[in-house]
Amino acid sequence: MISRRKFIQNSSLLGLSMTIRPDLSLFQSKDKILGHGVFRYKIDSKWGDLDPDKFPVVNCHEMVMDRKGRMILLTDEPKNNVIVYDQSGKLLDTWTLGLQAAHGLTLIDEGDAEYLWISDNGGRVIKATLNGTVVSELVDPRKEGIYESEMRWTPTETAVAPNGHLYVADGYGSQYFLHYDSDGNFIRKFGGPGSEDHQFSTAHGIAVDQRKGKSPTLICTSRGHNSFKRFSLNGEYMETIFLPGAFVCRPVIHGENLYAGVCWSRLRYLEQTPDSGFVTILDKDNKVVSNPGGSEPEYRDGELQLMKQAEPVFKHCHDVCIDQDENIYVCQWNAGKTYPIKLTRV
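Counting of residues starts from 1 at the beginning of each chain's written sequence and follows it residue by residue. In view of the model being predicted, local features appear only for residues whose pLDDT reaches at least 70, and side-chain atom pairs are presented and counted only at 80 or more, with totals across whole chains, interfaces and linings using the full set of residues. To obtain the side-chain values, all non-hydrogen atoms of the structure were included, while hydrogens and water were left out.

Talk me through the sheet that holds strand β16 (residues 217-222); I want residue IDs and the actual numbers.
Pairs of strands are assigned from DSSP output, requiring at least two bridges between the strands. Here a helix means four or more residues in a row that DSSP labels H or I, a strand means two or more in a row labelled E, and each is numbered from the N terminus. In space, the four strands of this open sheet follow the order β15-β16-β17-β18, with antiparallel pairing throughout. Across the chains shown, the open sheet's two edge strands, defined by having one partner strand only, are β15 (206-209) and β18 (237-242). Taken over all neighbouring pairs, the strand axes of this sheet differ in orientation by 25 degrees on average, direction set aside. Of the strand pairs in this sheet, β16 and strand β17 (residues 227-231) are connected by five bridges, and their pairing is antiparallel. Bridged to S222 within β17 is S227. To get an axis, a line is fitted to the C-alpha atoms, and for a helix only the part in contact is used. The angle between two axes follows their N-to-C directions and goes from 0 to 180 degrees.

Any chance you could break down the sheet that holds strand β6 (residues 91-95) for me, citing the residues and the numbers?
Taken in spatial order, the four strands make up an open sheet running β3-β4-β5-β6, and their pairing is antiparallel. Since the sheet does not close on itself, it has two edges, and those belong to β3 (60-65) and β6, each with one partner. Ignoring strand direction, the axes of neighbouring strands in this sheet form an average angle of 20 degrees. Pairing between strand β4 (residues 71-75) and strand β5 (residues 82-85): four bridges, direction antiparallel. Counterpart to M71 in the pairing with β5 is Y85.

As structure tokens, this is what we get:
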């Protein structure tokens with residue numbers, strides 16, 4: 001399999017090309033609905049389409065919604081790392097930090113203002129204002145003795161706890177999660193590569209889970225293990241949420257539910273299959289209740305059965321963003337340089 005980084009490098013050599021939307025005409029009819037149970041959606045494949053010559057994207061990696069209801073998209077196109085839409089899909093703004101591998105986007109509301117934490121696969125973790133002014137940046141952990149000099153550092157995601165502590169997922173690097181206090185001082189790292197419960201295979205994403213009114217915990221992605229793993233804020237392993245067949249990206253908490261893009265599923269010989277993504281939705285008890293674009297979730301004797309793509313609506317779902325009406329905006333990697341697809345809840 002071509003590595004994700006190699007794909008990015010090869011894509012940059014190809015130059016800009018016309019954005020190629022997948023043919024979703026069969027799925028766009030008024031009767032076509034994706035999803036299961038009460039989580040069902042119509043497809044809006046034209047949402048957010050822009051002129052690719054003026055506002056190109058390579059991969060639409062992640063999206064967040066600010067308190068004004070604006071949709072903020074992160075791309076790895078250095079001409080416009082950030083594209084800002086209103087909820088109708090109209091362009092409001094673009095800006096760039098010139099990053100060729102911008103990957104993770106986290107919105108943090110600090111009361112006086114909102115900020116973005118941007119994780120770049122080139123080894124940078126940057127805090128910026130909503131208009132692109134850099135506020136601070138983490139030091140490479142190899143330069144601070146957190147990592148040995150030969151260890152890989154390829155950050156993919158961040159999360160900020162209620163006390164202001166920052167957690168960084170080194171998902172394409174050494175498979176650790178790094179924990180910093182609110183002043184940027186390193187506290188600990190946890191995880192690492194392996195097949196034990198507390199270890200990871202592609203530690204791709206992280207989110208703070210405060211559902212059910214309980215004390216906050218961390219939901220961490222182990223994509224190669226088809227799972228989310230829960231940890232305390234002190235990095236102590238608590239449980240695994242196994243999602244057989246689903247190579248999930250970062251967890252997105254909205255209300256009582258957990259949403260995630262599934263970048264690949266297992267269609268043939270139980271192996272990771274290209275162009276096999278879908279979206280998965282878990283309830284407050286972390287039971288899968290809907291898979292838009294995927295197979296209907298099935299439990300046998302309390303055990304979730306293999307999930308896979310059921311309809312070729314998506315290629316590789318990398319992230320989802322949920323608005324106030326519980327519509328889903330799906331960002332994709334390696335999907336023909338397409339813009340996000342909106343799923344309107346019905």
